[in-house]
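The residues making up each chain are set out below.
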Amino acid sequence: MNDEDTEILQEFILETRDHLTEIEPDLIQLEQQGAEVSSEIINRVFRAVHSTKGGASFLGLEALKNFSHVFENVLMQLRDKKLVATPDVVDVLLRSVDVLRAMIDDVQNCDQVSCEEETRLLNGIISGAEAAPAPGADSAPSSDQRGQRSPPAGDPVTPPADGVPVEPQTTPVLPVEELSTEPKRAAVDSMAGKPISEPPSPPADAPAPPAAAANKMSKSEVKETLRVKVDLLTRLMNMAGELVLGRNQLLRALDDKADEVHGLKAILQHVDRVTTELQEGIMQTRMQPVGILFSRYTRLVRGIARSLGKEVELEAEGAEVELDKSVIEMLADPLTHVIRNCVDHAIEAPAERQQQGKPRAGKISLKAYHQGGQVNIVVSDDGRGINREKVLQKAIDKGIVNAGDAAKLGPRDIVNLVMAPGFSTAEKISDISGRGVGMDVVRTNIEKLGGQIELDTVEGAGTSVMLRLPLTLAIIPSLVVGVNNERFAVPQVSIVELAMIRAADVSKRIELIEASPVLRIRGRLLPLVRLADLLGIERTYVDPDTREVKPDRRQRIADRRSESLAPPTGASPGTNERRRQTDRRENWQSDYNVLVLRAGTNHFGVIVDELFDMEEIVVKPLSSYLKSIKCFAGTTILGDGRVIMILDPGGIAELSNLRFAKIEDKARRLREERDQARLDHKSIIIFNNADDEVFAVPQDRVLRLERIARKDIAQMGNRQFIKYRGTGLPLIMLNDHLPVKPLPENTEELFLIIPKTHSGDSTDHAYGGIVASQIIDAMDVDVKMQQPFFSGPGVKGTAIIGEQLTLFIDPIELLEAADERREAHP
Amino acid sequence: MSQYVTFRLKNQLMGMEILLVREINQLKESTFVHLAPQYVAGLINLRGQIVTIFDLAVRLGMTPCTIGEETHNIILKTNDELSRIRVKEERADLASSDDMVGLRVDSIGDVVEFTDEQVESIPANIHHIDERFLAGVVPFKEELMFLLNAGMLLNSEVQ
């Protein structure tokens, strides 16, 4: 086969695939219309099958030609109203579409595809229809306005065997294909179930030359489209990227000359604008409507519903919303799974639905829309919803959450547990009515393409799955990080937060669990990896004195400084002198920049040297030589032309063997130990009364802190007041109620700790204030409370905080006690 | 008759069939890829396309190249670009990689022409080069020129 023939064949395959995709929803619509079949739809299906037959005959693909011929015969019966598109007939037709597709997929061996069964079924339909001609079969289809008559009923279709070569309707050699409407319009309309407004085109059975047909098309309705190889688009996109780079360099280079050369500024602006538009335009060529995807599900839903004896309607909205081709491709499987779950598990049997007062037919709605630079796709159903208690119980049984944590979960968190890894395995979860099967895989896939997924449910009323997707995979916002003069990009979606650990805090925040470093961050323990170690990069630091780059010899992350760090050889005594004054431990060079990354549901920290800017990067796939390296997701070219690698958090976690489970275990054990030791985790405010006595109150018992001047305190009898928000606020001196020292004499500035009222009412009405000489700190602590040395109103205990014995006071109790005392001794 | 681009690697004269060569350049700024196979010298940006540069010496089983004044990259065509040439030249045997690959060599020489008859099989005494990657040898001006087998050389599964 020569080059040209190969191209014609390729073209034929692509076109036929498109045709087959388009006729599936049409067939299903025929079923819905029953006897009132629209000639428009039937003609469209007819044309598609006929084109396939014509092309196959032209290319000498006998099996394909013969099968399409039989298929076409059934369609003729339908068109001539000799046959009604019952579900059984449509089943056979859909099966036949599958056969055609199988033949097209391996076109050279299409005669190997087994089609006897389908051929028999199709022929059976034909003979059945001919035996009992439907009424009205001979009435001319008046709605047919195309000027050309269909052949009379029963007229055999021009058999390809008669020696007349059938010209394929869409001639493969013609590169420009004139489509009746834009593909996306077609998808939208067919999804919405509206008839497609279609310009007249020759009926398939009439061997009219395509040129004549094209002439008859009204030009205003026709948009010309052209098939372009994706490779070429990718190449164009690369070149556009390169052009942007060149433009940036040009603008920078000519920046100071723009005023010197007359007219240069305008030229540069023009180049600038055109370049940007060019790049945007090329990006757009890769965008496709999600309708392409939606239209597949019509058949899927019908198929599953029929096999389960359910009735399900699929509604789609926003089919015109566009996403990058690659996103659409990667979305197909997870979305299929979600929809399959809907029909399988969520929608009840018709009888059950009627019992509950729901319509017999379940409804699944697919909705796509733009929001904040992303595309949201929501799949919702009106099925039975998910039972939260059962989900929670199962999650606890499977060890996904422990009972303690479970109590803290919100309703939405609980539903989303079904997507946790290990929640559902092959085992069916029919006991949990809803849709949990394999959702962890769905979640992984969605996250892989930079999206997010969330479930919500109302038990008995339905579930909705919300997917948030990036418009394109090709451009993703990323953070550029540096390790030893090398740069890497980290996709923003996988960054949970950035943390900086000061050198002085390193030993406090980083500890070892079974020789693996972990970071303590807000009470959680995160496994920690040093990117340099992972990649085998020699670690360096910049000497703060000499600005020299030196190897970093700290062996472990938790080491603040290696014992063996020798003074730099050849350094002047002066340098050594200074080194002693500013120990590197205290210097910023020893701080750690930690990226907290997300891999699935796990979080972990990655230590890097430097953080640079966020950049929108164009992702380029890894070459086959680099695919085996786990920790990279792709490559990209930075604005300055330099090639850098994109990090893959999942791969890093895998590669560095992060033992999430072990660390979780350890964290749980630590929590339990803490509980046993009756350690309390508290947010507290620490203050002084006299300088050497330290007190603490829990933050959650305090309404607010105020600064006051001592001279504003008014004395009335044995009570002290201060004017506060228009009223007199009673003051409480600690030494009036507790055996503690009074306020120091010399302080002019004092502080008021205003407790919340005990009734817990939310009005910020103040009943009194505790006077303090100094607020020392507000902090989170884990304390082991001991019995106090004395008892008194509000005294809770003592604990050592920062080497200071601290008295814990409940300010509310103290305030109430003071109130009672005042009333008792007015 | 086939044309070959000649080059030197560790002083050894070698040839690559010109039908496979896309371009030759001297781009030296490459990005090293950690954890990559040893023969991957790095990645370069060729007008917006990323090219994997092979350290040819390492790939052939020798010590790494040192970059000098005369160091060149021979950028090869991809399989996709070759598909037309295969048909046009009736050379179904031509094979390269699906990715864009460049070979780092010490210096570039002339383009020479040989007939198939001139190409001899690989002598048994060649040990310093992995002979899986050679297509044959040709006696040329009192030297032995090694012709490379690009299909094997660029096959990521051949270690």
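Higher on the page you've got the structure.
Nothing here was measured: the structure is a model prediction, and the numbers come from that model.

**Student:** Help me get a handle on the overall build of chain B, residues and values and all.
**Tutor:** From N to C terminus, chain B includes 3 helices and 10 strands. Counting from the amino terminus, chain B carries its helices and strands in the arrangement β-β-β-β-β-α-β-α-β-β-β-β-α. Residues counted as buried form 53% of the 159 residues belonging to chain B. Restricting to contacts in chain B with at least 6 residues of sequence separation, those with at least 24 account for 62%. Counting every atom, chain B has about 7,700 Å² of accessible surface; 46% of that belongs to carbon and sulfur.

**Student:** Please provide a residue-by-residue account of the nonpolar core, values included.
**Tutor:** Formed by 71 residues in total, the largest nonpolar core has its most connected members in A:Phe488, A:Leu531, A:Phe632, B:Met16, B:Leu60, B:Leu103 and B:Leu148. Counting residues per element, this core draws most heavily on helix 18 (residues 531–535) of chain A, which supplies 4 residues. Excluding residues that lie within four positions of it along the chain, B:Leu60 makes contacts with B:Leu9, B:Met14, B:His128, B:Ile129, B:Asp130, B:Phe133, B:Leu148 and B:Leu153. Counting 50 residues, the second-largest nonpolar core is a separate cluster that includes A:Tyr297, A:Ala368, A:Val375 and A:Val379.

**Student:** Kindly report on the packing of helix 4 (residues 87–105) of chain A against helix 10 (residues 291–308) of chain A, identifying the contributing residues and their values.
**Tutor:** All names here are of chain A. For the pair helix 4 and helix 10, the least separation of the axes is 12 Å and the interaxial angle reads 125 degrees. In terms of axis orientation, helix 4 runs oblique to helix 10. The handedness of the crossing between helix 4 and helix 10 comes out as left-handed. Where helix 4 approaches helix 10, its residues Pro 87, Asp 88, Val 90, Asp 91, Leu 94, Arg 95 and Asp 98 are matched on the opposing element by Arg 299, Arg 302 and Arg 306.

**Student:** Break down the sheet that holds strand 6 (residues 72–76) of chain B for me, with residues and values.
**Tutor:** Residue and element names in this part refer to chain B. Taken in spatial order, the 5 strands make up an open sheet running 3-6-7-5-4, and their pairing is mixed. Taken across any chain shown, the strands that pair with only one partner, and hence form the sheet edges, are strand 3 (21–25) and strand 4 (40–46). Within the sheet, the average angular offset between the axes of one strand and its neighbour, ignoring direction, is 30 degrees. Pairing of strand 6 with strand 7 (residues 101–105) involves 4 bridges; the strand directions are antiparallel. Looking at strand 7, one finds that Ile 74 is bridged to Leu 103.

**Student:** Can you break down helix 10 of chain A residue by residue, with the values?
**Tutor:** Side chains of residues three or four places apart in an α-helix project in the same direction, reflecting 3.6 residues per turn. Taking 1.5 Å of rise per residue, 18 residues should cover 26 Å, and helix 10 of chain A covers 26 Å from first to last C-alpha, within 8% of that figure. Looking one or two residues past helix 10 of chain A, A:Gly309 carries a phi angle of roughly 70 degrees, positive in sign.

**Student:** Tell me about the side chain of A:Ser68, and name the residues and values.
**Tutor:** Residue and element names in this part refer to chain A. Along the chain, Ser 68 falls in helix 3 (residues 62–79). For Ser 68, a relative accessible area of 0% corresponds to the buried category. A polar atom in the side chain of Ser 68 sits 2.4 Å from the backbone oxygen of Leu 64. With near-sequence residues (within four places) excluded, Ser 68 lies in contact with Val 49, Thr 52, Lys 53 and Leu 100.

**Student:** A description of the interface of chain A and chain B should follow, citing residues and the corresponding values.
**Tutor:** Residue-level contacts link 27 residues of chain A with 26 residues of chain B. Across the interface of chain A and chain B, roughly 2,100 Å² is buried in total on both sides, 59% from carbon and sulfur atoms. The interface formed by chain A and chain B contains 0 salt bridges. Counting across the interface, chain A meets chain B through 8 residue pairs in polar contact (both at pLDDT 80 or more). Elements supplying a minimum of two residues to the side of chain A that touches chain B: helix 1 (3–33), helix 8 (230–254), strand 11 (486–491), helix 18, strand 21 (632–637) and strand 22 (643–647) of chain A. Top contributing element to the side of chain A that touches chain B by residue count: helix 8 of chain A, with 5 residues.

**Student:** Any chance you could break down unusual backbone geometry for me, citing the residues and the numbers?
**Tutor:** All names here are of chain B. In the Ramachandran plot, Lys 141 falls in the positive-phi region, its phi being about 45 degrees despite a non-glycine side chain. Following the sequence through the fold, Lys 141 ends up in the loop between strand 9 (134–140) and strand 10 (143–148). The backbone of Glu 142 sits at a positive phi, close to 65 degrees, despite the residue not being glycine. Structurally, the position occupied by Glu 142 is in the loop between strand 9 and strand 10. A relative accessible area of 87% places Glu 142 in the exposed class.

**Student:** Go over the pattern of salt bridges with me, naming the residues and quoting the values.
**Tutor:** All names here are of chain A. Applying the stated rule across the entire model yields 40 salt bridges over all chains. Ionic pairing is found between Asp 324 and Arg 286, a salt bridge with its closest N-O pair at 3.2 Å. Of the two residues, Asp 324 is situated in strand 5 (residues 322–324) and Arg 286 in the loop between helix 9 (264–285) and strand 3 (287–289); the sequence distance between them amounts to 38 residues. Using a relative accessible area of 12% as the deciding quantity, one classes Arg 286 as buried.

Conventions used here
Residues numbered from 1 in each chain as written. Chains lettered and ligands numbered in written order. Predicted model: local features only at pLDDT ≥ 70, side-chain atom pairs only at ≥ 80, totals over all residues. Heavy atoms only, no water. Helix = DSSP H or I, 4+ residues; strand = E, 2+ residues; numbered from the N terminus. Buried < 20%, exposed > 50% of the residue type's maximum accessible area, 1.4 Å probe, protein only. Contact = heavy atoms within 4.5 Å. Areas by Shrake-Rupley, 256 points an atom, 1.4 Å probe, with all protein chains shown as cover. Core = buried A, V, L, I, M, F, W, Y, C linked by side-chain atoms within 4.5 Å. Axes fitted to C-alpha atoms, helices over the stretch in contact; angles between N-to-C directions. Parallel < 35°, antiparallel > 145°, perpendicular 65-115°, else oblique. Left-handed = near helix turned anticlockwise from the far one by under 90°. Pairing = 2+ DSSP bridges. Expected span 1.5 Å × (residues − 1). Polar contact = N/O pair within 3.5 Å; in protein donor to acceptor, adjacent residues only side chain to side chain. Buried area = accessible area lost by both parts, 1.4 Å probe. Salt bridge = Lys/Arg side-chain N within 4 Å of Asp/Glu carboxyl O.

Interpretation note: all reported values are geometric properties and have no functional meaning in isolation.
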